[in-house]
Amino acid sequence: MNWSGIVKRPRTEAARLPASDEREALARVAAGDLQAFERLYRSYQPRLTRFLTTLLRRPQLIEEVLDDTMMVVWQTADRFRGSSKPSTWIFAIAYRKAHKARLRWPDPVEQPESDNRVSEDPAPDDELHHQRLHDTLMVAMDQLSADHRAVVDLTYFHGMGYREIAEIVDCPVDTVKTRMFHARRRLRKAMPGNLADWL
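Residues numbered from 1 in each chain as written. Predicted model: local features only at pLDDT ≥ 70, side-chain atom pairs only at ≥ 80, totals over all residues. Heavy atoms only, no water.

Considerations on the overall build of the chain
Point 1. Scanning the chain from N- to C-terminus turns up eight helices and zero strands.
Point 2. In sequence order, the chain lays out its α and β elements as α-α-α-α-α-α-α-α.
Point 3. Within the span of the chain, comprising 199 residues, buried residues form 43% of the whole.
Point 4. Counting only contacts in the chain whose residues sit at least 6 apart along the sequence, the fraction spanning at least 24 positions is 71%.
Point 5. Just so you have it, the chain exposes about 11100 Å², and 49% of that area is on carbon and sulfur atoms. (Helix = DSSP H or I, 4+ residues; strand = E, 2+ residues; numbered from the N terminus. Buried < 20%, exposed > 50% of the residue type's maximum accessible area, 1.4 Å probe, protein only. Contact = heavy atoms within 4.5 Å. Areas by Shrake-Rupley, 256 points an atom, 1.4 Å probe, with all protein chains shown as cover.)

And the structure:
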């Protein structure tokens, strides 16, 4: 089922709900409250899109996996027991769905020259510099495995700690730390000049 017919997709990122509101929304979703689901969907759609874009190199899969994830949330909200944060539970569902999608549709082979793309735009202000840094990081992340991209994305773009990431990707904390170590090392090699310093 495609939720786009039910929930109007926001053009800009929706405000995140406080964790207490998310717990309440999940309880209402478990009772079949569609309005509560819509609030949850609007809050998570931009965040999950960002996360899934990092994991899936096939743009046509992103919306499908996002919808599959939210379908699971709708159908199984009553199984959320509150032992973790709602975001951990929802991101874990998205991660598993993305993993299954990757098994069906392996990553396409990148052109070798695309791995070395660096924006040459001038940086007259901080905003442009930040955008160039972001673009360069995205290109560098393309060289990582999906598991390494997930750890980097959850750390830098979603502000999650190792324990929460370990719950999402279903592995020991030490494995998350090891993946981050190797991911950072590869990213530093892939990012030119001082751009690697922030890693």
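Digging into the environment of His99
Point 1. Turning to its location among the elements, His99 is positioned in helix α4 (residues 86–104).
Point 2. Considering only alpha carbons, one finds His99 and Val169, 70 residues apart in sequence, at a separation of 9.8 Å.

Here's the deal with the packing of aromatic side chains
Point 1. Across all of its chains, the model carries five aromatic pairs by this definition.
Point 2. Between the aromatic rings of Phe80 and Trp89, the centroid separation amounts to 5.5 Å while the plane-to-plane angle is 50°, which identifies the pairing as tilted.
Point 3. Clustering of aromatic rings is evident, with ring pairs tying together Phe37, Tyr41 and Trp74.
Point 4. For the cation-ring pair, Arg47 lies above Tyr44, with the distance from its terminal atom to the ring centre recorded as 4.4 Å. (Phe/Tyr/Trp six-rings, centres within 6.5 Å; stacked < 30°, edge-to-face > 60°. Lys NZ or Arg CZ within 6 Å of the ring centre and 35° of its normal.)

Comments concerning the packing of helix α6 (residues 146–156) against helix α8 (residues 173–190)
Point 1. Orientation of α6 relative to α8, taken along the N-to-C sense of each, is 90°, at an axis distance of 9 Å. One way to sum up the angle between α6 and α8 is to call them roughly perpendicular. Within the contact between the two elements, α6 uses Asp147, His148, Val151, Val152, Thr155 and Tyr156 and α8 uses Val176, Arg179, Met180, His182, Ala183, Arg184 and Leu187.
Point 2. Tallied by class, residues from the contact of α6 with α8 come to seven nonpolar, three polar and three charged. (Axes fitted to C-alpha atoms, helices over the stretch in contact; angles between N-to-C directions. Parallel < 35°, antiparallel > 145°, perpendicular 65-115°, else oblique. Nonpolar A, V, L, I, M, F, W, Y, C, P; charged D, E, K, R; others polar.)

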